[in-house]
Amino acid sequence: MPLALNGPSELLFYVNGRKVREKNADPETMLLSYLRKKLRLTGTKYGCGGGGCGACTVMISRYDPGTKKIRHYSANACLLSICSLYGTAVTTVEGIGNTKTRIHPVQERIAKCHGTQCGFCSPGMVMSLYSLLRNIPKPSMDQLMEALGGNLCRCTGYRPIVDACKTFCKTTDCCQGKENGICCFDQEENELLDSEQENMTCEKLFQEEEFLPLDPTQEFIFPPELMLMAEKQTKTTRVFYGERITWISPVTLRDLLEVKAKYPDAPIVMGNTTVGPDMKFKGIFHSVIISPDGIAELNAVNYKDNGLTIGAGCSLAQLKDILTDMILELPVEKTQTYRALLKHLRTLAGSQIRNVASLGGNIISRHSTSDLNPLLAVGNCTLNLASKDGKRQIPLNDQFLMRARSADLKPEEILVSVNIPYSRKWEFVSAFRQAPRQQNALAIVNSGMRVLFEEDTNIIRDICIFYGGIGTTTVCAKKICQKLIGRAWNEEMLGEACKLVLAEVLLPGSAPGGMVEYKRSLIVSFLFKFYIEVLQNLKMMNPSLCPSLPDGYGSVLEDFHSKHYETVLRYQKVDTKQFLQDPVGRPIMHLSGINHATGEAIYCDDIPAHDQELFLAFVTSSRAHAKIVSIDTSEALKLPGVIDVLTGKDLQDVNSFKSFLENEKILATDEVLGVGQIVGAVIADSDIKAKQAAHLVKIEYSDLKPVILTIEEAIQHKSFYEPERKIEYGDVDEAFKAVDQILEGEIHIGGQEHFYMETQSMLVVPYGEDKEMDIYVSTQFPRLAQDIVASILKVPSNKIMCHVKRVGGAFGGKASKTGFLAAITAFAANKTGCPVRCILERGEDILITGGRHPYLGKYKVGFMNDGRIIALDVVHYANSGFTLDLSLFVIEMGLLKLDNAYKIPNLRCRALACKTNLPSNTAFRGFGYPQVGLIMESCIMKVAAQSGLPPEKVRMINMYKEMDETHYKQEINAKNLIKCWNECMEISSYYARKAMIEDFNKKNYWKKKGIALIPMKFPIGLGSLAAGQAAALVHVYLDGSVLVTHCGIEMGQGVHTKMIQVVSRELGMPMDNIHLRGTSTETVPNANASGGSVVADLNGMALQDACQILRKRLEPIISKNPHGTWKEWAQEAFNQSISLSATGYFRGYESDMDWEKGEGHPFTYFVYGTACSEVEVDCLTGDHKNIRTDIVMDVGHSINPALDIGQVEGAFIQGVGLYTLEELKYSPEGILYTRGPEQYKIPSFCDVPNEFNVYFLPPSEVAQTLYSSKGLGESALFLGSSVFFALHDAIRAARQERGFSGVFTLNSPLTPEKIRMACEDKFTKMIPKDEPGSYVPWDICI
Ligand SMILES: Cc1cc2nc3c(=O)[nH]c(=O)nc-3n(C[C@H](O)[C@H](O)[C@H](O)COP(=O)(O)OP(=O)(O)OC[C@H]3O[C@@H](n4cnc5c(N)ncnc54)[C@H](O)[C@@H]3O)c2cc1C
Ligand code: FES
Ligand code: FES
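Numbers given for residues are sequential positions, taken from 1 along each chain in its written order. Following the order in which they are written, the chains are lettered starting with A and the ligands numbered starting with 1. Only residues with pLDDT of at least 70 get local features here, since the model is predicted, and only at 80 or more are side-chain atom pairs given and counted; chain-wide, interface and lining totals rely on the full set of residues. Here the side-chain values reflect all heavy atoms present in the structure, with hydrogen atoms and water set aside.

Undergrad: Looking at this structure, how should I read the overall build of the protein chain?
TA: Scanning the protein chain from N- to C-terminus turns up 42 helices and 48 strands. We compute the radius of gyration over the C-alpha atoms and compare it with the globule rule, which gives 2.2 Å times the number of residues raised to the power 0.38. Relative to the compact-globule value of 34 Å for 1342 residues, the protein chain shows a C-alpha radius of gyration of 31 Å, a close match. By principal-axis analysis of the C-alpha atoms, the protein chain measures approximately 90 × 80 × 70 Å. Whether a residue is buried, partly exposed or exposed follows from its accessible area with a 1.4 Å probe, protein chains only, as a fraction of its type maximum: under 20%, in between, or over 50%, in that order. The buried share among the 1342 residues of the protein chain stands at 64%. We call two residues in contact when some of their heavy atoms are within 4.5 Å. In the protein chain, of all internal contacts separated by at least 6 residues, the share reaching a separation of at least 24 is 78%. A helix here means a DSSP run of H or I that spans at least four residues, while a strand means a run of E at least two residues long, and both kinds are numbered starting from the N terminus.

Undergrad: What is the right way to read the site of ligand 1 from this model?
TA: We define proximity as follows: a residue is near a molecule or strand when any one of its heavy atoms falls within 4 Å of that partner. In the neighbourhood of ligand 1, 31 residues make up the surrounding shell, with Met 270, Thr 273, Thr 274, Ser 358 and Asp 371 lying closest. Here a polar contact is taken to be a pair of N or O atoms separated by no more than 3.5 Å, where protein atoms must pair a possible hydrogen donor with a possible acceptor and residues adjacent in sequence count only if both atoms sit in side chains. Here an oxygen atom of ligand 1 and a side-chain polar atom of Thr 273 are 2.6 Å apart. Here Thr 274 contributes a side-chain N or O atom positioned 2.6 Å from an oxygen atom of ligand 1. The set of elements that each furnish at least two residues to the shell around ligand 1 consists of helix H15 (359-365) and strand E13 (414-421). The element contributing the most residues to the shell around ligand 1 is H15, with 5 residues. All amino acids are sorted into three groups, where Ala, Val, Leu, Ile, Met, Phe, Trp, Tyr, Cys and Pro are nonpolar, Asp, Glu, Lys and Arg are charged, and the leftover types, Gly among them, are polar. Tallied by class, the residues present in the shell around ligand 1 amount to 16 nonpolar, 13 polar and 2 charged.

Undergrad: Would you mind showing me how to read the pairing of strand E40 (residues 1042-1046) here?
TA: By the criterion of burial, E40 is predominantly enclosed, with 4 of the 5 residues buried. Each pair of strands is called paired provided DSSP finds at least two bridges between the two strands. In this structure, strand E39 (residues 1030-1036) lies alongside E40, joined through 5 bridges in antiparallel fashion. By the bridge assignment, Leu 1033 is partnered in E40 with Thr 1045. As consecutive antiparallel partners, E39 and E40 are separated by 5 residues, and within that stretch Gly 1040 has a phi angle of approximately 90°, a positive value.

Undergrad: Honestly, the UniProt feature "binding site: Mo-molybdopterin" (unreviewed entry) in the protein chain in this entry has me stumped. Any pointers?
TA: As annotated in UniProt, the feature "binding site: Mo-molybdopterin" (unreviewed entry) corresponds to Gln 780, Phe 811, Arg 925 and Gly 1092 in the numbering used here. Annotated residues spanning 313 residues; largest pairwise C-alpha distance 12.4 Å, indicating a single compact cluster. Note that Gln 780 resides in the loop between strand E30 (773-777) and helix H27 (782-793). Note on Gln 780: relative accessible area 3%, which makes it buried. In this structure, Gln 780 is in contact with Ala 810, Phe 811, Gly 812, Gly 813, Lys 814, Ala 815, Ile 1049, Met 1051, Ala 1089 and Ser 1090, ignoring residues within four places of it in sequence. Among the polar contacts listed, one links the side chain of Gln 780 to the backbone nitrogen of Gly 813, at a separation of 3.4 Å. Locating Phe 811 in the fold gives a position in the loop between strand E31 (800-804) and helix H28 (817-832). On the accessibility criterion, Phe 811 (12% relative accessible area) is buried. When sequence neighbours within four positions are dropped, the list of residues in contact with Phe 811 reads Arg 154, Cys 155, His 754, Tyr 756, Gln 780, Ala 923, Phe 924, Arg 925 and Gln 1214. UniProt positions are given in the numbering used here, feature names are shortened, and annotations may be inferred rather than shown by experiment.

Undergrad: Can you walk me through the packing of helix H38 (residues 1201-1220) against helix H40 (residues 1281-1297) in this structure?
TA: Angle between the axes and distance between the axes are the two parameters that describe a pair of packed helices. Here an axis means a line fitted to C-alpha atoms, over the contact stretch when the element is a helix, while the angle between two N-to-C directions is reported on a 0 to 180 degree scale. One way to put it is that H38 packs onto H40 with a least axis distance of 7 Å and a crossing angle of 45°. Classified by the angle between their axes, H38 and H40 sit oblique to one another. Contacts between H38 and H40 involve Phe 1212, Val 1216, Tyr 1219 and Thr 1220 from the first element and Ser 1281, Ser 1282, Val 1283, Phe 1284 and Leu 1287 from the second. Throughout, the term roughly parallel applies to angles under 35 degrees, roughly antiparallel to angles over 145, roughly perpendicular to angles from 65 to 115, and oblique to all others.

Undergrad: Just to check I follow, could you spell out the sheet that holds strand E27 (residues 725-729) for this structure?
TA: The strands that make up a sheet pair up through hydrogen bonds in the backbone, lying either parallel or antiparallel. Spatial strand order, E27-E35-E34-E33-E28: 5 strands in an open sheet with mixed pairing. Of all the strands in the sheet, the pair left with one neighbour each is E27 and strand E28 (741-749). When strand polarity is set aside, the average angle formed by the axes of neighbouring strands in this sheet is 10°. Bridge count between E28 and strand E33 (residues 855-863): 9 bridges; the pairing is antiparallel. Note that in E33 the partner of His 748 across the bridge is Leu 856. Packed on one face of the sheet, helix H30 (residues 887-897) meets E27, E33, strand E34 (869-881) and strand E35 (906-915) and runs near 160° to E35.

Right, dumping it as structure tokens:
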């Protein structure tokens, strides 16, 4: 009977135990926006919209009437259409606990273990952990890491989150083997460790005993109604009609086939992890979507004589579980393919994706980077297809993967199940993949390889090799496989196979994705690994079949999967004489910690909609340098719901603003200077409409020359901003004449995207009356937003109130840029008279807002044979992009900080900000220091290599001595620099480990370890007195409670928590009596930007001042009634007409810098530190593991050690990202490719060193600063370079062994690609190299 579609169906599901019915469910509504906008459950966050960050994690529960089991799993709400939720129960962060009733142990522990900073990622983290615990109440570390792999955090550095999670883990009898190879059962070795650690005082940052126990009986039960519904489900197809899309959910195979026959072009949506991102990011549209639900045949698992048949609808997580069980039950020889599949299923995407993505979806999508297809293809899998006309089988082979029509599904066919045969005796299957990051990253190249031998021989009977990541789909190395049949498995065969495979699997120089030579090298490296793996297996089966492995080859196959995380933290205890009530110096939890973890913390986009609210989306340039010929807004304006399109013409004479040194255009008018420059803005009645319309604005361009993108091009065209800065110290030219050796070199340091988890967000509410306007904005610099808005609206600043409750991460990226975005939004609000909201999508945010400046450092260094550097001549070039923004200050700071920890007696340095046609770069944590510090350290490495000295020796020789002066003639007492260095060296057992590493390297040819100890002197100061002024306001109410406000912005660093600690100490009242609501230009005017590590110091001083004023006023009252309460004192003050409100003020620290003379006193003090990192490198793939890091920091008297350790760890991991992972990729036309977490990899859980120890030096007095504390927001980022230099050390060892002993340069970031290509060997020699200029590369180095 032909299928008749009824409809519309009613959608029914549960959210947090509440029934939800939707009569008109729109398939385009994703669960994330439904939760946030319709149900007002704003705890679930938007971070990327594409399944890559985990901020939107929820738990889905489904009842299976067949098995009578409920499946609970985490999923990304941003990829789930609400129509796919029929009959499910959704649990969000609000559903598991809240501050009004009871918080959940997961929420409590993440907060109390200091696992939240800005808190934007926290609800997602909580839900991933919660979902795991619903299934496994006592998980292992492995299970924990797998469950959290899909969640990103940009603030914490993950260690405290791991600590919180570990409190739920089952304790094992054994530590599962530590990286140094010593098990806790190994008594002798442990004694050694114990004695080493004997004198260390280690303090906890939280009290585990306080934690609520996890009680599974307290969780929501699955709604019985849904169970009943599933049991009695009528087998009728459900249909949902949206505005543009019809969603059809057949529930029987017969109906599915009918529907597919009727709509052959409609996709079958299972997990929606391919179709969803394609529709969202690639603009692919489907008017009909078929989404099978609960069809038994698609989920069936059958164990047959020849192997496993598994339903195409099974999720990758279910596949993983099934294969895990089979491996336990079946003999090894039968499970070769299953084992190989499992290896990839552990690292494929994050758990949220694996839980929903289907096997069928992965196969049919035929992504080039599919991790499963190469293995399924070599495993001789077959696909069971069905259509209305019947069933058939096709092989999953190269023809199918190439989409050859004869080998593909017909449009009306669906994939029902997949046969995965058992492997046979004498057959071996291997899986290889290399990704930019070990977890949750698509492979750069992956491979499946299988070989079958003639029985009891090493003669190849059959061999099959597939590669992914090379072309547009998985490719087969067919010809070589045919040629290898009959060959013996030996070195000769390998050599020939490598040559043949490179000739067959071709990759042009301009191949999309770039990394061409690296990919070529992976093709042969994987083949080599396969050779070794098979050799080992053959040897086990019959030792006489092949020769033994050469010495040092044994570890080649060990992967870098981490099993344990350990940490030691040490910080100063408060003085025993300090009052118990005085919180200063104690590890107090971030005061919003619990709100972060329960999702109750409000961010800008969580503010409820205002009446008549409109939305704004930006129109941006698609050209790097072009004349705007015309802008046609007619199509956009025709779209229903679109109110207006703003262009430069609307702004007329208010279309520019001088925020720092030069006037910047707000909207481009005649000319665009970079891709991503804002040209216009669409205002519509919904965010979706505004975004759709923005794509309809047509801009006609006429390209202009030159297009300057790279630093080299800027140098060639002399395209620089004015002025150039320079400092000269000593007599450089004379010094060069006297040195033993001179070296010249250069190093390139790539830029960095801020990747704050909360994208740029603002809501502007105009009041009409007196032209007043409220601006709620996620910014570090409310005053600038206020100023630009006032200027664009031509109103005085006193009409514009800018409010910031909290910011979901900023790192410098929400200082200058946000003001311009807010100004356009305010213009729209003023023009329409309606509130306007603008929330950037992740891709737009990355494209528009710029990031850290890429740097090129060129240096000439003169040194003595004993390693003393006598003269240095260095030039810094910063790629600033198309506006100056803060670049001049960045290069100035770069010049002042370039010496890092070293006294260079003769130093000449120049810095130039390059004007290029790239998005304008801006402030970023460290403000130039991370780049210039790396240039200095790179120079040290070269000197060490050239003079044959160990790098640590060259560092020690050149380090500042106790009393000294810098190159800009500021005095410096470097005592604590040396203390940090010595202590770190001791704590890390540097020399002992260095010897162990040398030994390891001798024994391992393809794996190398490296270690590096990097010192740091980070100057703190803003360069001017005015930049350091701060103000605060303290009100005491008649009930004795206190309300505080100050200039600082809470962006995760915990400044509000520290400020309440300060007020608590100064007023002598408990912290819970003090409240801090947020920051506003209405309460404290003319505030400076929050940044530069000094926010707590400066605002704390202002608050101290306010409190002391109040205390002084109230002193007579308090001394008359010393045992009174604050309520009594406040009432008495009121009665005596004494003001209970005070403003406090801090002028800033004296500071000066004369750039003409190149000298001054720009800094208040220095933060010192040293980090020692150890890594292990896989020389064949460039993969690496961070084994251990020890950090020793001089932090003065920490106001809050928990927050300060959090800042150190978070900054360090961000530095690890900068130097080893994060790579912005631009096309030769200046278009940014890396616009989301899929392409741009920030550190994840897997990047945290397995042992991560942070020690604070015993405090020493720091004159002037608040309670002798030091600002720690930025400095430790540079210490991430210790990982860079440890990698350098490992690469050096590899190169030396292979006969490349000369000086070499490594650029940053040191990605797997760069590591592999630097570890030159016989395989890298083998690969074809393209002549530069003979092809257009896919990407360029800017
Ligand atoms: C953040 C992220 C990270 C990822 N990382 C990885 C990774 O590391 N490795 C990797 O291999 N993959 C990765 N992927 C890809 C992911 O594995 C695939 O998107 C997924 O397996 C597709 O399954 P799905 O059920 O979601 O497919 P859907 O999006 O629902 O469908 C995909 C396609 O398959 C077709 N289809 C689905 N089922 C059938 C069927 N039964 N019969 C006929 N056609 C069918 C649909 O018509 C559609 O064209 C990642 C994806 C994301 C979003
Ligand atoms: S917002 Fe859903 S994964 Fe990033
Ligand atoms: S706390 Fe994780 S992103 Fe800020």
